[in-house]
Amino acid sequence: MSLYRFILRDLFHYRKAFLAILFGTILSAAVLTGALILGDSVKYSLRQITELRLGKIRFALQPGNRYFSQDLAYGIGIKTGSPAAPAMLSAGIAVNPENNKRINHIEVVGIDRRFTSFWDNNPSCPELNTAVISTNTAGKLQLKPGDDFLVRIPKQGIAPGNAPFVAEKSPVIAIRLKVKAIADDEQMGRFSLKNNQTAPYTVFISLDQMAGVLGLKGKANVILLGGDECVGAVPTDSLLRMVWQPGDAGLTIQKISKDSLFELTSERIFIDDPTSAAVKSTLPQSQPFLTYLVNSFSVNGRSTPYSFITAAPPDFLGTDPGPDGIIINSWLASDLGVNKGDSIQLKYFIMGSGRELTENSSTFIVKQVRPMQDKVWDRSLMPDFPGMSEAGNCRDWETGSPIDLKKIRQKDEDYWNDFKGTPKAFISLATGQRLWKNPFGSLTSIRFYASAVQAFAAGPAILKKLSPARQGLTFSPVWSLGKESAAGSTDFGGLFLSLGFFIIISALLLLALLFSLHLQTRINETGVLSAIGFTKWQIFRILFTEGLVLAVAGGVGGALAGILYTRLMLLGLNTIWLDAVGITGLILVIKPVTLILGASAGALVAIPVLFIVLYRNMRKPAVIRARFGYASLKRGRFLTVVVLLALGTFSIIITASNRRTFYGSSGDAGSGTGGFQYWAESSIPLRHDPSTAEGIKEFALDDQPELKNVHISAIPKLEGDDASCLNLNRAARPAVLGIPTGEFNRRNAFSFISLLDGIDNKNPWLVLQKPLGPGFIPAFCDQTVITWGLQKKIGDTLYYDAGKGETIGLKLMGGLDNSVFQGYVMISDSLFRIHFTSVSGFSTFLIDGPSLKGDSIAELLENVFRDYGLITTSSSARLASFNAVENTYLSVFTLLGSLGVLIGTFGLGLVLLRNIQERKQELALYFALGYEKNLILRMILAEYLKILLAGILLGTVSAAAFILTSLLSPSSHFPWLFILLFMPALLLNGLLWVWLPVHLILKRKSVIPHPPSDI
Amino acid sequence: MLAELQNIRKHYNLALSDRQKPVLDGISLAIGENESIAVTGPSGSGKTTLLNILGTLDRADSGIVRLNGTDLSQMKEPELAGLRNRFIGFVFQLHFLLPQLSLIENVLLPTLPLKDKSLRKAGYERAMRLIGRMGLKDLVNQKPGELSVGECQRAAVVRALVNKPRLLLADEPTGSLDAENATLLGKMLAELKQEEGLSLVVVTHSPELAAQMDKTYRLGSGKLMPNS
């Protein structure tokens, strides 16, 4: 006989006991494996969502608020050999007029056949006046093919919305569409360029129609580049250089006179500095101009309103007016009654970051008065301001700045009729640029003399000196970023491992108890082995090998049981715990490697437990034991059970009471609401800050007396990934908000968990106001977002494309306590406007005021800003939605913890069973003395109940002491119902496991006293 | 002397008390080659403890244990285990045959720790001879549960002798047997002592068994006294 044969005999002989021990190992391995499978499943599901989101799209060119020719996609497609599709993306609002159902945040995507080819399942392509809508949009609006509905999209011009004098009469355009088809998830219905597992509401319309209604025919703002599974390199800047045309950079070169004079202008009105430099370098003889609209020229009470003035180079004017000189035309000189040497005051608006206007003035000395016949008075110097150039008369101007129509005289109308926007004055270029340079550029046109051939060649020559990336034309590897985000998503494996921690601990304690009990049944066997000459090590090796077999078998069994456990967890996550993931349809993925890993982990956690138990048992003297030493073993066992029950009860109550609520504190400035009652977001950005005079006028807020004392803090937003706990993907580039830091500081709004050293913690918001150095600005974020969403820490830097090919670093200076800003990165509004010039308007709002009562204000605001798709949420509700995620995890923990406690009580039952077997002699004595069975049952039950109650009471009292303060708080929302259900269940379960062993033993017909052992 | 105890003291801590109970109080005993000794005494007098100390299963609080002239106090546990395996054989009141093993496997259990294959082979041959000697030849493949108590106890004796020990320690070997089997086992032990050249220490309540030994001692109040 060999040792292995001996071990096999043991395993077979003690199979029943080993099966019970296996239960503990299987349970812990199942929870471990289940957590790993769950992690795989969530990651796989997110990867699947990425594939559904993007189809065969691998790269996306999405340059913020810039537009380019749709033909650029064609050129890129040819150069890369990959399918390329132009598209137009816009936020919007969808309304079903039949039932008034409305979605305030939809994605409107202008597409053509090239886009639908990215999906395999032959999705339908929208045509004129038809739309293909996603399944969720159809569901929410209750639309079916053939139904009509309305889509509202912001009227976007090529010129940046926040550039001076850019205005649109109606910021929103409504399009009536017929549903052509409903696209499911496999048919582009989930298309989105954002890394988020939540499906957006999407409406696909014809690209030509969308471009047409926006007045951007032939333009697109997105290029999507496809490819096969093997993702190639990101299309480079040099590739884009090969195919882009002046129009893609927004540049137009046109002949403006018969004498070969050409003019370069930008569709964005202002020519940015890199382009200006490139033109200057290509065409050194060119003449730059900056034309601006001034509110008035005034002299001694006489005033000429709303006129254009041009800052021009000396070679154009034939003279240099100097820094304070001005050359005026004879019409203006006549109107103001001025002559050479007189002073003229200019008043003009400077547009601030939120389109707020400041009227500045400057005084100039008239250097020359030139007749209207002078060729310098050229009407083409006026840029193509949308809303002005095409106006029939001055009263029809839409300037984006207030025009006092009363000031416009007939002679002004006559000037417009005769000379259109011909400037009335010139100043030096340097002075003009000093006064009117803005983030979008410091020129409005550049002129040069050239032959037609030279002019034709000028465009490509200029483009060669420009970087497409600096124009915002950069491809992003959306596919690989999506996959990376899914891979770096919330670690559900780790999360559920922590949530199931108590079960694992309980299972391991149970394993320890069962193995220890088993070893005690074999105490004489080890004694015999010792007596016949087996060393302790040899006996240890035999028993430990048996334990190893159990651990491995338990690991394997647990890995398989883990599949069932995961199914149950997924069922929970797809139903009652939906808040934790935000999506249904999580897919179960079972990888062999995960099962092997789970089985190994299950075995590896069991092995130390078995080792310790065995080691402790083997430390006792190697004698054939009968009685000595048992008392202490019993105490150890009972203590284990009491501690297990107490810990379990304590954990469950603490966890249940730890659910986050914000009742009663939402008005505090230091709370997560910042003291703001409402959080609002608009689908279409508001062009004006509603708290400014311009905003009040624009939105007619004066007509709403209920809003008189309502304060609205408007916050600009750079779109990006949602980094809140509602997004399972790792946020690569979170959305950025421009925060009114001065106001927040005055209010002492919000609380901080962490701040970098050296920050004044009494005025933390002020740190955001000063840039940290070239290319770096300070930022705050919710600590939760920093730690989990971004997986970073304070002091780390997030890098953003600032839109001109520049990268800006946002250094995380501090972490806020849970706030309504979860998911966003916050910088100061002033630095936001400087660095993120592509963002115009405001789409995020914090609202409060002394008169806010109920939800009527919210409803009123939503009504006032209906066309912008404003959704108002109470700040507490917003916080609660974040807390719902955490609370759901707590629910899972509570449930799994409860299971752990129930396992603990099962362990109690086993200990009692063992103990009562050891007390058979005592029971026999009771019988011999004439006690009835029921009396004995009651006596023993009473004794064991003490252990059960001791554990539960110890846990309950400790937990109650721990949460006493919050229990007494009037805002307490202690989950009494859960506790009222849990505690009796715990007690009843414990009673069952106490009663069962006593009942089983006493049910036996004969209880024979065991002969006492000798010593 | 084959084995010798000098001034052995041993006490136990009383359960649920700080007090100690002395069990052996300065006991000395010498066991010669091929000598048989019986130790009698009331229950709880420390007979088993004495046997366990002599058999190296337990250690004395003080005193010297010598086997074959060697003081065991400095020996480590593996050395003591080797001593038990090769030098000492144990027979208990209950046979303690392992229920999962057959009779022959139980008997061969002491050969498992042997590293020398030839010794193991010799052990097997010896086992088969002794099994025949004890009248168990037809039962070699039976499990303990299928044997009578007497058969089990005889198998336990074979197990104790399989590695050819020089000292056999028997703790109430007939305590669980009926009179007939007890007499048979006592007789067999006496015969085996002669055949195998064993020294034998038997702890027993049985005067009949004690009477078959060369010397008889009585243990009481922690003291070992020769029986007159």
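Refer to the structure presented above.
Throughout what follows, the structure given in this document is the object of discussion. (Residues numbered from 1 in each chain as written. Chains lettered and ligands numbered in written order. Predicted model: local features only at pLDDT ≥ 70, side-chain atom pairs only at ≥ 80, totals over all residues.)

**Here we look at the nonpolar core**
Residue and element names in this part refer to chain A.
Working step 1: Residues Ala779, Met826 and Ile827 are the most contacted members of the largest nonpolar core, which totals 151 residues.
Working step 2: It is helix H2 (residues 15-54) that contributes the most residues to this core, 17 residues altogether.
Working step 3: Contact partners of Met826, with chain neighbours within four places excluded, come to Leu737, Ile739, Ala779, Phe780, Cys781 and Phe821.
Working step 4: Counting residues in each nonpolar core, the second largest holds 126 residues, with Cys125, Ile326, Leu346 and Met388 among its members. (Core = buried A, V, L, I, M, F, W, Y, C linked by C-beta atoms within 7 Å. Buried ≥ 20, exposed ≤ 12 C-beta atoms within 10 Å, placed from the backbone. Helix = DSSP H or I, 4+ residues; strand = E, 2+ residues; numbered from the N terminus. Contact = placed C-beta atoms within 7 Å.)

**Here we look at the interface of chain A and chain B**
Working step 1: At the interface, 26 residues of chain A touch 33 residues of chain B.
Working step 2: Among the secondary structure elements, those contributing two or more residues to the side of chain A that touches chain B are helix H1 (3-13), helix H17 (523-531) and helix H18 (536-574) of chain A.
Working step 3: In terms of residues, the side of chain A that touches chain B owes the most to one element, H1(A), which gives six residues.
Working step 4: For the side of chain A that touches chain B, the residue count by class is 15 nonpolar, six polar and five charged. (Nonpolar A, V, L, I, M, F, W, Y, C, P; charged D, E, K, R; others polar.)

**Examining unusual backbone geometry**
Working step 1: Its identity is not glycine, yet A:Tyr306 carries a phi of approximately 40 degrees, on the positive side.
Working step 2: Looking at where A:Tyr306 falls in the secondary structure, it is placed in strand S14 (residues 302-312).
Working step 3: The exposure class assigned to A:Tyr306 is buried, which follows from the 21 C-beta atoms found within 10 Å.
Working step 4: Even without being glycine, B:Asn68 reaches a positive phi, approximately 55 degrees.
Working step 5: For B:Asn68, a count of 13 C-beta atoms within 10 Å corresponds to the partly exposed category.

**Thoughts on the sheet that holds strand S7 (residues 167-171) of chain B**
Residues and elements named next belong to chain B.
Working step 1: In spatial order, the strands read S6-S7-S8-S3-S9-S10; together these six strands make up an open sheet with mixed pairing. If you trace the sheet from one side to the other, it starts and ends with strand S6 (88-91) and strand S10 (223-226), each paired once. Strand-to-strand twist in this sheet, taken as the mean axis angle between neighbours without regard to direction, amounts to 20 degrees.
Working step 2: For strand S9 (residues 215-220) and S10, the ladder comprises four bridges, and the chain directions are antiparallel. Its bridge partner lying in S10, Tyr217 is registered against Pro226. (Pairing = 2+ DSSP bridges. Axes fitted to C-alpha atoms, helices over the stretch in contact; angles between N-to-C directions.)

**Some remarks on the environment of A:Ala735**
Working step 1: Turning to its location among the elements, A:Ala735 is positioned in strand S24 (residues 735-739).
Working step 2: Between the C-alpha atom of A:Ala735 and that of A:Lys717, which follows or precedes it by 18 residues, the distance is 6.9 Å.

**Some remarks on the sheet that holds strand S30 (residues 842-848) of chain A**
Residue and element names in this part refer to chain A.
Working step 1: Spatially, S22-S30-S21-S31 is the arrangement adopted by the four strands of the open sheet, whose pairing is antiparallel. Single-partner strands in this sheet number two, and they are strand S22 (711-715) and strand S31 (871-874). Within this sheet the neighbouring strands show an average axis-to-axis angle of 25 degrees, counted without direction.
Working step 2: With five bridges joining them, S22 and S30 adopt antiparallel strand pairing. Directly across from Ala714, in S30, lies its bridge partner Phe845.
Working step 3: Here helix H25 (residues 856-864) sits on the sheet and contacts strand S21 (678-686), S30 and S31; the angle it forms with S31, its principal contact strand, is near 165 degrees.

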